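Residue-level listing of the chains:
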Amino acid sequence: MPKNFLWGGATAANQSEGGWQESNRGPAIVDVLPHGQERLRVMLGELDYRDLPDDSYYPAREAIDHFGHYKEDIALFAQMGFKAYRFSISWSRIFPTGEEKEPNQAGLAYYQDFIKELLKYNIEPIVTICHFDMPLNLIDKYGSWKNRQLIDFYLRYCQVLFETFKDQVKYWITFNEINMLMHLPFMGAGLRFEEGENVLESKYQAAHYELVASARATQLAHQINPDFQLGCMLAAGSVYPYSCKPQDVWQALQMDRENYFFIDVQARGAYPNYALKFFEKQGFNLDIREEDLQVLKEHTVDFISLSYYNSRCVRSDGAGEAGGGNVFASAKNPYLEVSEWGWPIDPLGFRITLNNLYDRYQKPLFVVENGLGARDELVDGQIEDDYRINYLAGHIQAMLEAMEEDGVDILGYTAWGCIDLISATTGEMSKRYGMIYVDKADDGSGSLKRIPKKSFYWYRDLIEKNSHI
Ligand code: BGP
C-alpha cells in the first residue's frame, strides 16, 4: 500500500457526539429522531417530529457522549495507529439556529480542541461539514433545502470552518451521502412534505440547492486555502441486474443513475442529459439559474468519497423477495449471505463499485465508510468479533485488488463506526460497527465504558503492516 495511505476510522456527530445542549448547541435533526417504530416515518418526512408522543426516546441526544469522551476516544484511535479520522461537525453547535451572523464561540472552541487532540497524534482530520444534521430552525422556519436561502446559511457556516481550520484541516466533505436526500429526505436533508405536494419535484429542487451549495463551498474553500481538498460523498453500491434479461439490465442502469446523478454534477460539473430529459418528461419547473450552472461547472470536487456496505440487485418484473441493505430498495440476491440486519455481504461488489466509480469520474476515491453492523457479546469482559474481522478483511482485500490489479486511485479507508455508535437507520445501539465497544444499551442504560474488541488489535496490526496480508 502507498506509504501515505490514510487508514483510519469514521464517525459522525449526529450518531456519536451527544451533548445536545452543551456549549450552547441548538436543536438539530438528530435530536428529534426517535427510537422505535415511528423513526422511519420521521426520517422519510411523512411524520412531523412535533406530532410524536411526549415520552419518545431520542437516542442521539446523549449517544456515546463522544462530546465528553473525545480525548479518551482519540487516544484509543491513536493506539490503533490511525492516520486519519473522519468525523462531522454539528452545524447547530456553530450556528445554533443557523441564522446567527456570528458563530457560537463555545462550539467553535470545542472543535478547536478536538482537532488539536487529533493533530497531537498526527491523525489527519477528515471533516464532514453536514452529516444528516442541521439546525431545526432552518427546517421549521425556512422549509430546509427546498429554500434557496439555505445556500447562504450553509456558506456562512462553511466560511467559519474554513477560516478557523485553514491550517489544521485539509480534507473536507460537503454533504454526507448526498443521494440519501432521495431515500430518507428528512434525515438526509430536513425535508418534510405537504399533502398533494409533488414530492419528487421538491426533492430535485432541494438537490439542486445542495449541489449549488456544495460547489460554492468548494469555490470558497479553494479561495481560502488552495491546498484544501474538497470531496463529495456517495452512498455507493453498484446495482446488479437480476438476470441478463435486457429489461433487468436497463432497470439496473436506471437505478444506478438515480445515485450517480449527484456525483455526475459534482465531479463533472454539469447536469447529465438523462437527468435533463427526466426533468422535462416529469414537467418539473425547477429554479435552476444560469449563474448556478456556471458555479457547478467551475467548481467541481477534488475527490470522491463513498460509503459501501453492500451491492444492490434489481429485477424488472418486481417479483421475488425484497433484499435488505443500506436503505435503497433492492431485490434479494440469492448468491449473497446477509448480516443480522439483512444487509448483503459482497466484497467483490466493493471492487466492482470502486472500479465503476473510478472509470466514470477519473478522480481519486476515498472510502470513508465500510463496516459490519452486528450484535456483540461481552464474555468475561472481552468481545471476540471474528465476524467483523472477516467482513473487514474481505472488503479491504477487495479494495487492495482494485488498487493493485485495476489501478484505482484511492486516498484512504476509514472504517465506519470505529467506535460503537447509534445506528442511523434504526436508532439502535445494539447494531454495532466498532472496534471499540461502548457499554450502552438500546434503552439508554450503561456506563459508557470503552472496551477494545478483538478487531481493535487486528486493525492495529493491519495498519502497522500497511497491508492486511
Ligand atoms: C450510512 C451513514 C452512516 C451510518 C451507516 C450505517 O448510510 O452515512 O451515518 O449510519 O450508513 O447505517 P446504519 O447505522 O443504519 O447501520
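Going along each chain's sequence as written, the residues are numbered from 1 onward. Only residues with pLDDT of at least 70 get local features here, since the model is predicted, and only at 80 or more are side-chain atom pairs given and counted; chain-wide, interface and lining totals rely on the full set of residues. For side-chain calculations, the full set of non-hydrogen atoms in the structure is used, while hydrogens and water are omitted.

Per an unreviewed UniProt entry, the chain goes by 6-phospho-beta-glucosidase and derives from Streptococcus oricebi. UniProt positions are given in the numbering used here, feature names are shortened, and annotations may be inferred rather than shown by experiment. Per its UniProt entry, the chain bears the Sequence similarities (unreviewed entry) comment "Belongs to the glycosyl hydrolase 1 family."

Engineer: Sorry if this is basic, but what is going on with the site of the ligand here?
Structural biologist: Neighbouring the ligand are 16 residues; Gln-15, Glu-177, Thr-425, Lys-431 and Tyr-433 lie closest to it. Within the side chain of Asn-176, one N or O atom sits 3.0 Å away from an oxygen atom of the ligand. Side-chain atoms alone can form a polar contact between residues adjacent in sequence; in general such a contact is a pair of N or O atoms within 3.5 Å, and within protein one must be able to donate a hydrogen while the other accepts it. At 2.5 Å from an oxygen atom of the ligand is found a side-chain nitrogen or oxygen belonging to Tyr-433. Surface exposure here means Shrake-Rupley accessible area, sampled with a 1.4 Å probe, where a residue is shielded only by the protein chains that are shown. Here the ligand loses 99% of its free accessible area of 370 Å² to cover by the protein chains. More than half of the atoms of the ligand fall within 2 Å of the grid points belonging to the largest cavity. By the convention adopted, Pro, Cys, Tyr, Trp, Phe, Met, Ile, Leu, Val and Ala count as nonpolar, Lys, Arg, Asp and Glu as charged, and the other residues, Gly among them, as polar. When grouped by side-chain class, the residues that make up the shell around the ligand number seven nonpolar, six polar and three charged. One heavy atom suffices: a residue is near a molecule or strand as soon as one of its heavy atoms comes within 4 Å of it. Here a cavity means grid points, on a 1 Å grid over the protein atoms only, where a 1.4 Å probe fits yet cannot get out; a pocket means an open set of points with protein on both sides within 12 Å along at least five of seven lines; lining residues are those with an atom within 4 Å of a point. Assignment to a cavity or pocket requires that more than half of a molecule's atoms be within 2 Å of the site's grid points.

Engineer: Whenever I open this one, the packing of aromatic side chains confuses me. Can you help?
Structural biologist: Only the six-membered ring of Trp is used, alongside the rings of Phe and Tyr, when aromatic pairs are assigned; centres must lie within 6.5 Å, and planes under 30 degrees apart are stacked while those over 60 apart are edge-to-face, with the rest tilted. Within this structure, the stated rule accounts for 45 aromatic pairs. Here Tyr-70 and Phe-114 contribute two aromatic rings whose centre-to-centre distance is 5.4 Å and whose plane-to-plane angle is 25°, an arrangement assigned as stacked. Note that Tyr-70 is positioned in helix α3 (residues 66–80) and Phe-114 in helix α5 (residues 105–120), a separation of 44 residues in sequence. Accessibility here uses a 1.4 Å probe with only protein chains present; expressed as a share of the type maximum, an area under 20% marks a residue as buried, one over 50% as exposed, and anything in between as partly exposed. A relative accessible area of 2% places Phe-114 in the buried class. For the ring pair Phe-279 and Phe-284, a centre distance of 6.0 Å and an interplane angle of 40° mean the geometry is tilted. A positively charged side chain is recorded as over a ring if its NZ (Lys) or CZ (Arg) lies within 6 Å of the ring centre. The angle to the ring normal must also be within 35 degrees. Looking at Arg-61, its charged tip hangs above the ring of Trp-20, at a distance of 4.0 Å from the centre. Sitting over the ring of Tyr-242, Arg-315 keeps its end group 4.4 Å from the ring centre. Under the DSSP-based scheme used, a helix requires at least four consecutive residues in state H or I and a strand at least two consecutive residues in state E, with every element numbered from the N terminus.

Engineer: Just to check I follow, could you spell out the side chain of Arg-388 for this structure?
Structural biologist: The topology assignment puts Arg-388 in helix α15 (residues 386–404). At 3.4 Å, the side chain of Arg-388 forms a polar contact with the backbone oxygen of Tyr-433. Should any heavy atoms of two residues lie within 4.5 Å, those residues are considered in contact. Setting aside anything within four residues of it in sequence, one finds Arg-388 in contact with Leu-372, Ala-374, Asp-376, Arg-432, Tyr-433, Gly-434, Lys-453 and Ser-455.

Engineer: Just to check I follow, could you spell out empty space enclosed by the protein for this structure?
Structural biologist: Grid points are joined across faces, edges and corners, and a volume is the space filled by probe spheres set on the points. Under the criterion given, the structure shown has ten cavities of 30 Å³ or more. Of the pockets and cavities examined, the largest cavity occupies roughly 180 Å³. In terms of lining, the largest cavity is formed by 20 residues, of which the most central are Gln-15, Tyr-309, Asn-326, Glu-369 and Ala-424. Class assignment for the residues of the lining of the largest cavity results in eleven nonpolar, six polar and three charged. Quantified by volume, the second largest cavity comes out at close to 80 Å³. Looking at the second largest cavity, the residues that line it are Leu-234, Ala-235, Ala-236, Gly-237, Ser-238, Asp-256, Asn-259, Tyr-260, Arg-312, Thr-353 and Leu-357. Mapped by element, the contributors of at least two residues to the lining of the second largest cavity are β5 (229–236), α11 (246–268) and α14 (347–361). By residue class, the composition of the lining of the second largest cavity is five nonpolar, four polar and two charged.

Engineer: Would you mind showing me how to read the nonpolar core here?
Structural biologist: Nonpolar side chains in soluble globular proteins generally cluster together in the buried interior. Among buried residues, the Ala, Val, Leu, Ile, Met, Phe, Trp, Tyr and Cys ones that are joined through side-chain atoms within 4.5 Å form a nonpolar core. With 148 residues, the main nonpolar core has Trp-91, Trp-145, Tyr-154, Phe-162, Met-399, Tyr-413 and Tyr-459 as its most contacted residues. Among all residues touching Tyr-154, those that are not within four sequence positions of it are Trp-91, Ile-129, Cys-130, Trp-145, Thr-174, Phe-175, Ala-213 and Ala-217. Among the nonpolar cores identified, the runner-up in size contains nine residues, and Leu-6, Ile-173, Met-233 and Phe-303 belong to it.

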